[in-house]
Amino acid sequence: MNKIIKFLTISDFAVLTGFSFIAPIFAVFILGNIEGGTLETVGFATSIQIVSKALLEYPIARFLDKKRGDMDEFYCMVIGTVLISIVPLLYLAIKTPTQLYLVQLFMA
């Protein structure tokens, strides 16, 4: 198996597993720490992240596949993983639903 593909798979597994552990706590966090946070806010924030990811994933993949080689995918994965790892820190600074929606958009 290609070393880069193996590394990408392990990295995606680790990041997605970590955020899956955070997901159940996420709703409690929103309800307790965000002014005006309701279950609707939780659903809307999650929807923003999922829809944004779905809309961005295909164009970014097409852009990266135009160039031969795996190094551009590797660097994009490293930068993406670093950006995603910042999201839990941004959760600490959120005070309003609008800020939450922006962070969810950033996470996508």
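Structure shown above.
About the thresholds
Residues numbered from 1 in each chain as written. Predicted model: local features only at pLDDT ≥ 70, side-chain atom pairs only at ≥ 80, totals over all residues. Heavy atoms only, no water. Core = buried A, V, L, I, M, F, W, Y, C linked by side-chain atoms within 4.5 Å. Buried < 20%, exposed > 50% of the residue type's maximum accessible area, 1.4 Å probe, protein only. Helix = DSSP H or I, 4+ residues; strand = E, 2+ residues; numbered from the N terminus. Contact = heavy atoms within 4.5 Å. Salt bridge = Lys/Arg side-chain N within 4 Å of Asp/Glu carboxyl O. Patch = residues over 30% accessible without salt bridge, like charges linked within 9 Å, V, L, I, M, F, W, Y side chains within 5 Å. Areas by Shrake-Rupley, 256 points an atom, 1.4 Å probe, with all protein chains shown as cover. Arc of directions from axis to C-beta. Expected span 1.5 Å × (residues − 1).

1. Some words on the nonpolar core
Within the largest apolar cluster, 15 residues are counted, with the highest numbers of intra-cluster contacts made by Phe 26, Ile 30, Ile 34, Val 87, Tyr 91, Ile 94 and Leu 100. Contributing elements (two or more residues each) for this core: helix 1 (3-33), helix 2 (39-65), helix 3 (71-91) and helix 4 (97-107). When sequence neighbours within four positions are dropped, the list of residues in contact with Ile 94 reads Asn 33, Ile 34, Gln 99, Leu 100 and Val 103.

2. Describing the pattern of salt bridges
Evaluated as defined, the whole model comprises one salt bridge. Glu 57 is the partner of Lys 53 in a salt bridge, and the nearest nitrogen-oxygen pair spans 3.6 Å. With a gap of four residues between them, Lys 53 and Glu 57 both fall in helix 2, about one helical turn apart. Classification of Glu 57 by relative accessible area gives partly exposed; the value is 47%.

3. Some remarks on a nonpolar patch on the surface
A cluster of nonpolar side chains, Val 78, Ile 79, Val 82, Leu 83, Ile 86, Leu 90 and Phe 106, forms an exposed patch at the surface whose accessible area comes to about 540 Å². At six residues, the largest contribution of residues to the nonpolar patch is made by helix 3. Within the secondary structure layout, Leu 83 lies in helix 3. When its relative accessible area of 38% is taken as the criterion, Leu 83 is described as partly exposed.

4. Points about the environment of Ala 61
Relative to the assigned elements, Ala 61 resides in helix 2. The class of Ala 61 is partly exposed, set by a relative accessible area of 35%. A C-alpha to C-alpha distance of 21 Å links Ala 61 and Ser 85, two positions 24 residues apart in sequence.

5. Side note on helix 4
Along an α-helix, residues three or four apart share an orientation, since each turn contains 3.6 residues. By the burial criterion, the buried members of helix 4 are Pro 97, Leu 100, Tyr 101, Val 103, Gln 104 and Met 107. Axial view of helix 4: buried residues confined to an arc of 165°, hence all on one face. Exposed positions of helix 4 whose direction lies more than 90 degrees from the buried face are Thr 98 and Leu 102. Elements that come into contact with the buried residues of helix 4 comprise helix 1, helix 2 and helix 3.

6. Considerations on helix 3
Over its 21 residues, helix 3 runs 31 Å from end to end, which matches the ideal 30 Å to within 8%, given 1.5 Å per residue. Restricting attention to buried positions, one finds in helix 3 the residues Asp 72, Glu 73, Met 77, Val 87 and Tyr 91. Angular distribution of buried residues about the axis of helix 3 spans 125°; they occupy a single face of the element. Helix 3 presents Ile 79 and Leu 89 as exposed residues on the side facing more than 90 degrees away from its buried surface. Packed against the buried residues of helix 3 are helix 1, helix 2 and helix 4.

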